[in-house]
Amino acid sequence: QSSGINAEYGGALQVFEMGQKDLVCSKKYEKKDEIKCCTFGATALQDRHLATGNFKGKMETWDLEKGDMPVYSVKAHSEIINCIDGVGGLGIGLGAPEIVTGSRDGTVKVWDVRQENDPVAMMQPKESEAKRDCWAVAFGNTYTEAERVVAAGYDNGDIKLFDLRSMSVRWETNIKNGVCGLQFDRKDILMNKLVATTLEGKFHTFDVRVEYPICGYPSVVEKAHKSTIWGVRHLPQNRDVYMTLGGNGSLCLWKYNYPKERTKQDGDGVEYGIAGTVEQIQNVILGTQPLSGFDWSPDKEGLCVCSGFDQTVRVCIVTRLKSL
């Protein structure tokens, strides 16, 4: 499945199937408004409803078997929806199926498609705070029916972790560069790791298991290249392996190595975390244009799909992953 901007019509949804040698476009739906982002994260396996965010601030879900009209539609934001994520669908994560959207209007909103028009939660800057462009959102910590967090990344380098149970900011930091992508290593476990990618080729891997009252969560920083890193996706079969998407048309495969001791205690007996190390396993240049979309197959280890600014969809295979 692909989504995006169509030069003639505005937006488009396309469904591809793998043929003997090539990808075959089996369905195509033209839309009035350009589509910026999408996720299957909140849909049931049998429904396969795709949630999208568009340039006009609408969040919609689509049945790809009959995608002429949305199953659900709401004017979610006053400006473009930059990012979207889902949880509670596809058998991943406990609790209700929900969708989170982040927008240029500075707000982050959580939606339950069973509830019309109004979000179930909204995070917005205080009146005294400047409005920042939200570029990335990610669900995590959904290991019980009650627990759930949303990580949000902004154009000024802010990362905020919102606790949806207590409706509070659980943790925040600034990584001094616009945050283009966020992902927890797993959505459906007690928070473990969070990766944030940025504009100038760096990405930060946070160990979010233990928060130190003084310094927060420990992290390790790596520089992949000099271009923007548009996103990150963890391998479903091994949460310590992840792929980053480069503005130089590259895919970079990384592995996180835990330290011998993940935690220690300071002089007062307060526990704090220790960051591990990150090593690059492989990298490849697939084209001259940035790669902006990527996903792993949950069923076949190493099978993946990516898309880029050159409007090309590529299916790739990464081998020898079991040896990592």
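So, how was this worked out
Residues numbered from 1 in each chain as written. Predicted model: local features only at pLDDT ≥ 70, side-chain atom pairs only at ≥ 80, totals over all residues. Heavy atoms only, no water. Disulfide = S-S within 2.5 Å. Buried < 20%, exposed > 50% of the residue type's maximum accessible area, 1.4 Å probe, protein only. Helix = DSSP H or I, 4+ residues; strand = E, 2+ residues; numbered from the N terminus. Contact = heavy atoms within 4.5 Å. Phe/Tyr/Trp six-rings, centres within 6.5 Å; stacked < 30°, edge-to-face > 60°. Lys NZ or Arg CZ within 6 Å of the ring centre and 35° of its normal. Pairing = 2+ DSSP bridges. Axes fitted to C-alpha atoms, helices over the stretch in contact; angles between N-to-C directions.

Engineer: I tried to follow the state of the cysteines on my own but got confused; where do I start?
Structural biologist: Simply put, disulfide is the name for a covalent bond between the sulfur atoms of two cysteines. Taken as a whole and assessed by the stated rule, the structure comprises zero disulfides. In this model Cys 38 remains outside any disulfide bridge; the closest cysteine sulfur is found in Cys 37, 7.3 Å from its own. Judged by relative accessible area, Cys 38 falls into the partly exposed class, the value being 28%. This cysteine, Cys 252, is not joined by any disulfide, and Cys 306 carries the nearest cysteine sulfur, 12 Å off. Take Cys 252: its relative accessible area is 3%, and that puts it in the buried class.

Engineer: Is there a simple way to explain unusual backbone geometry in this structure?
Structural biologist: Comment: phi is negative for the bulk of residues other than glycine, and the bulk of peptide bonds are trans. Phi is positive for Met 167, which is not a glycine, with a value near 50 degrees. Assignment of secondary structure puts Met 167 in the loop between strand S14 (158-163) and strand S15 (168-174). The phi dihedral of Arg 320 falls on the positive side, at around 60 degrees, and the residue is not glycine. Checked against the element boundaries, Arg 320 lands in the segment after strand S28 (313-317).

Engineer: Please explain the side chain of Thr 61 as it appears in this structure.
Structural biologist: Secondary-structure assignment places Thr 61 in strand S6 (residues 58-63). If we skip the residues at most four places from it in the chain, Thr 61 touches Leu 50, Ala 51, Pro 70, Val 71, Tyr 72, Ile 99 and Val 113.

Engineer: Sorry if this is basic, but what is going on with the packing of aromatic side chains here?
Structural biologist: The relation between two aromatic rings is expressed through the spacing of the ring centres and the mutual angle of the planes. A full pass over the atoms with the stated rule returns eight aromatic pairs. Ring centres 5.1 Å apart and planes at 85 degrees place the aromatic pair Tyr 256 and Tyr 258 in the edge-to-face group. Clustering of aromatic rings is evident, with ring pairs tying together Trp 171, Phe 206 and Tyr 217. For the cation-ring pair, Arg 148 lies above Phe 139, with the distance from its terminal atom to the ring centre recorded as 5.8 Å. Here Lys 160 stacks its cationic end above the ring of Tyr 154, 5.9 Å away from the centre of that ring.

Engineer: How do you make sense of the environment of Asn 238 when you look at a structure like this?
Structural biologist: Within the secondary structure, Asn 238 sits in strand S21 (residues 238-246). Excluding its chain neighbours within four sequence positions, the residues that come into contact with Asn 238 are Arg 186 and Leu 324.

Engineer: Would you take a moment to explain the sheet that holds strand S18 (residues 202-207) for this structure?
Structural biologist: In a beta sheet, neighbouring strands pair by backbone hydrogen bonds and run either parallel or antiparallel. The four strands are arranged S16-S17-S18-S19 in an open sheet whose pairing can be described as antiparallel. The open sheet terminates on both sides in strands that have one partner only, identified here as strand S16 (179-184) and strand S19 (219-223). On average, adjacent strands in this sheet sit at an angle of 15 degrees to one another, irrespective of strand direction. Sheet topology places S18 next to S19; five bridges connect them, and they run antiparallel. Across the sheet, residue Phe 203 finds its bridge partner in S19, namely Glu 222.

Engineer: Help me understand the pairing of strand S20 (residues 229-235) in this model?
Structural biologist: In the case of a regular strand, side chains alternate between the two sheet surfaces. Among the seven residues of S20, five are classified as buried, and the element is accordingly described as predominantly covered. Bridge analysis of S20 against S21 gives six bridges, and the strand direction is antiparallel. Looking across to S21, one finds that His 234 is bridged to Tyr 242. Between the end of S20 and the start of S21, which pair antiparallel, lie two residues.

In short, shape yes, function no, at least from these values alone.
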